[in-house]
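Architecture and fold: a report
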Amino acid sequence: MLKINGERLWASLMAMAEIGATARGGSCRLALSDEDKAGRELFSHWCREAGMSLSVDAIGNLFARREGTDPDAAPVMMGSHLDTQPEGGRFDGVYGVLAGLEVVRCLNDLGIQTRKPLEVAVWTNEEGARFTPAMFGSAVFTGIMQLDAALAVRDIDGISVAEALQRSGYAGERALGGAVDAYFEAHIEQGPILEDNAKSIGVVTGGQAIRWLDVRVEGMAAHAGTTPMPLRKDALYGVARMIQAIEVLATDFAPEGLTTVGELSINKSSRNTIPGLVNFTVDLRHHRDEAIEAMEQQVRARLQAIADGRGLNLTITPHWISPATPFDAECVAAVQHAVDALGYAQQSIVSGAGHDAIHLARYCPTAMVFIPCVGGLSHNEAEDVLPEDVRQGTDVLLNAVLARAQITE
C-alpha cells in the first residue's frame with residue numbers, strides 16, 4: 001500500500017489558508033470573489049508544476065488533468081471546493097482538493113502511470129454562502145440544475161453569477177458534463193462522530209436527505225403602546241412558538257432527525273412596532289427519505305396550527321430538496337479495502353452534510369473518505385484537524401483511486 005507525503009500536503013494546506021485568512025485563524029474565500037480567484041490561481045500553479053493540464057467549464061468548475069495511457073478511458077476524478085463560509089475554516093473543502101493534488105504528486109514521485117486519466121475538480125460555489133443554492137457548480141455539471149438558472153442567480157449586492165464569472169475570469173469553454181469513470185472525495189467529517197469514537201477514517205456509505213423550507217408568517221403591524229395584547233396579531237411571537245415546535249419535532253425523529261432555523265428576518269422592524277411580517281428558514285435532515293417526508297408534513301401541520309390559533313397567515317415554500325443518496329458499492333469497497341490494508345482505525349458513516357459528491361453520485365460511481373475534525377467543529381474559524389489524520393485520509397484516497405484507475409506496467 002502506497003503512502004503520500006504528509007508534510008508536503010500540510011504545507012500546501014497552510015499556504016492556501018493564507019489566502020483570505022481571517023483575524024481568528026480561519027478563511028474567507030466566498031465563491032468567485034477575489035480571494036476565491038487567488039486560491040484557484042495558486043492551485044493551478046501547483047497543478048502546472050505537477051505536469052497537469054487545466055480546463056474550466058461554463059459554470060466555473062476548474063479541472064486539472066493527469067493523462068493516462070488509455071486515450072479512450074474516462075477519468076477517475078477527485079476533488080471538492082476552495083470557496084468557504086464568510087468566517088469559515090482552513091480545511092472544509094480545500095482538504096479534498098489538495099488531497100487530490102497530493103495523490104498526483106505522489107504518483108509523479110514514484111513514477112507510477114495509470115491506465116485511466118486522473119482529474120482533480122474544484123467545484124464552484126459549494127458552500128452557497130454568496131450564491132444560493134449551495135453546490136450548484138456540481139449540480140450544473142451533472143445536469144441537476146440548468147446552466148441559465150445558475151448564471152441568473154444574484155448575491156446580496158445584486159451581482160449575478162454570470163457577472164462574477166466574467167469578473168473572475170472563470171467563465172470557461174469546457175463542455176459541461178462528460179464521461180466520468182468514478183469520483184472520490186476526501187473531506188473533514190464536520191461533526192464529532194469519528195473523534196468521539198477514536199477513529200481516523202470514516203468510510204462514507206452515502207449522504208442523508210436534506211430539505212430546505214422558506215417560511216413566511218404574516219400578522220398585522222401595530223403600535224406597541226396602544227394595542228391591547230388580546231387584540232394583537234404579532235408575527236414574531238407566533239414565529240417564536242413555531243421555532244420551539246420545530247425544535248421539539250427533532251426529538252420525535254431522534255436520533256437521525258435534525259432541525260435547524262438558520263435565518264430569521266423581521267420586515268420593517270422597529271422597537272415600538274408589533275412585527276407584522278416575519279420570514280425564516282427551516283433545515284430538515286434525516287438518513288431516510290420517508291422519514292424526512294414525514295418531518296416536513298409535521299412541520300406544515302404544527303406551524304399551521306400555531307398560525308390558526310393566533311390569526312396569522314402562513315406560507316411554506318420548498319427551497320431545496322436533496323434525497324438520501326447511497327454511494328456506489330464498488331467505490332465504497334475500494335475505500336474499505338484501502339483502509340483495511342493500511343490498518344487505520346475506521347468506521348462506516350453516513351454524511352450529515354451536503355457535498356458535491358452527493359450530486360456526483362447520481363451521475364457516476366462515487367465514494368467519500370472522511371477524517372475527523374477537532375471537536376467536530378466546522379463552518380467556524382476555529383475548525384481544525386490533526387496532520388496525522390490528514391495524511392492517513394489521503395493514503396486511503398490514493399490507494400482507492402489507484403485501484404480504480406489501474407496501474408500500468
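Residues numbered from 1 in each chain as written. Predicted model: local features only at pLDDT ≥ 70, side-chain atom pairs only at ≥ 80, totals over all residues. Heavy atoms only, no water.

Let us now look at the side chain of Ser322. Positionally, Ser322 belongs in strand 13 (residues 313–322). A polar atom in the side chain of Ser322 sits 3.3 Å from the side chain of Arg362. Filtering out sequence-adjacent residues up to four positions away, Ser322 remains in contact with Gln208, Ala209, Ile210, Ile358 and Arg362. (Helix = DSSP H or I, 4+ residues; strand = E, 2+ residues; numbered from the N terminus. Polar contact = N/O pair within 3.5 Å; in protein donor to acceptor, adjacent residues only side chain to side chain. Contact = heavy atoms within 4.5 Å.)

Now for helix 10 (residues 329–342). For helix 10, spanning 14 residues, the distance from its first C-alpha to its last is 20 Å, which sits close to the expected 20 Å at 1.5 Å a residue. Among all positions in helix 10, only Cys331, Val332, Ala334, Val335, Ala338, Val339 and Leu342 are buried. Projected down its long axis, helix 10 carries its buried residues within an arc of 155°, all on one side. Exposed and facing more than 90 degrees away from the buried side of helix 10 are Ala329, Glu330 and His337. Where helix 10 is buried, its residues contact strand 5 (182–188), strand 6 (201–207), strand 15 (346–351), strand 16 (366–371) and helix 12 (387–405). If you check the start of helix 10, you find a side-chain oxygen 3.1 Å away from the backbone N of Glu330, and it comes from Asp328. (Expected span 1.5 Å × (residues − 1). Buried < 20%, exposed > 50% of the residue type's maximum accessible area, 1.4 Å probe, protein only. Arc of directions from axis to C-beta.)

Now for the UniProt feature "domain: Peptidase M20 dimerisation" (unreviewed entry) in the protein. With numbering aligned to this structure, UniProt lists the feature "domain: Peptidase M20 dimerisation" (unreviewed entry) at residues 210–307. The span residues 210–307 is 38% helical and 30% strand by assignment, and the distance between its end C-alpha atoms comes to 25 Å. (UniProt positions renumbered as here; feature names shortened; annotations may be inferred.)

This part is about the layout of surface pockets. It is a probe the size of a water molecule, rolled over the atoms, that shows where empty space is left. Reported here for the largest pocket is a volume of approximately 1300 Å³. Taken together, 45 residues form the lining of the largest pocket, with Trp212, Asp283, Arg285, Gly354 and His379 sitting closest to its centre. For the lining of the largest pocket, the secondary structure elements donating two or more residues are strand 7 (209–218), strand 9 (258–260), strand 12 (277–286), strand 13 and strand 15. A class-by-class count of the residues in the lining of the largest pocket yields 17 nonpolar, 19 polar and nine charged. (1 Å grid on protein atoms, 1.4 Å probe; cavity = no way out; pocket = protein on both sides within 12 Å on 5 of 7 lines; lining within 4 Å. Points joined across faces, edges and corners; volume = space filled by probe spheres on them. Nonpolar A, V, L, I, M, F, W, Y, C, P; charged D, E, K, R; others polar.)

Along the chain, Arg130 falls in the loop between strand 4 (118–122) and helix 4 (136–142). A polar contact is formed between the side chain of Arg130 and the backbone oxygen of Ala31, at a distance of 3.0 Å. Of the polar contacts made by the side chain of Arg130, one reaches the backbone oxygen of Leu32; its length is 3.3 Å. Ignoring anything within four residues of it in the chain, the contact list for Arg130 reads Leu30, Ala31, Leu32, Ser33, Asn125, Asp155, Ile159 and Ala164.

This next bit is on the nonpolar core. In terms of nonpolar packing, the biggest core is built from 91 residues, with Met16, Phe43, Leu98, Phe184 and Val396 touching the most fellow members. At 10 residues, the largest contribution of residues to this core is made by helix 3 (residues 94–110). In this structure Val396 touches Ile201, Val335, Ala338, Val339, Leu342, Tyr344 and Val369, once residues within four positions along its chain are discounted. Of all hydrophobic cores here, the second largest spans 24 residues; its members include Val215, Val278, Ala307 and Ile316. (Core = buried A, V, L, I, M, F, W, Y, C linked by side-chain atoms within 4.5 Å.)

We now examine the state of the cysteines. Enumeration over the complete set of coordinates arrives at zero disulfides. Between Cys373, a cysteine without a disulfide, and Cys28, which holds the nearest cysteine sulfur, the sulfur-to-sulfur distance is 20 Å. Looking at Cys373, the relative accessible area reads 1%, which means it is buried. (Disulfide = S-S within 2.5 Å.)

Further remarks concern the pattern of salt bridges. A side chain of one charge can pair with a side chain of the opposite charge when the charged atoms of the two come close. Taken as a whole and assessed by the stated rule, the structure comprises 24 salt bridges. A salt bridge links Arg8 to Asp109; the nearest nitrogen and oxygen atoms lie 2.8 Å apart. Residue Arg8 is located in helix 1 (residues 6–17), and its partner Asp109 is located in helix 3; the two are separated by 101 residues in the primary sequence. Under the relative-accessibility criterion, Asp109 is labelled exposed at 53%. We note a salt bridge from Glu163 to Arg154, for which the minimum N-O separation is 3.7 Å. The partly exposed category is assigned to Glu163, whose relative accessible area is 34%. Via salt bridges that share partners, Arg65, Glu67, Glu119 and Arg174 belong to a single interconnected network. (Salt bridge = Lys/Arg side-chain N within 4 Å of Asp/Glu carboxyl O.)

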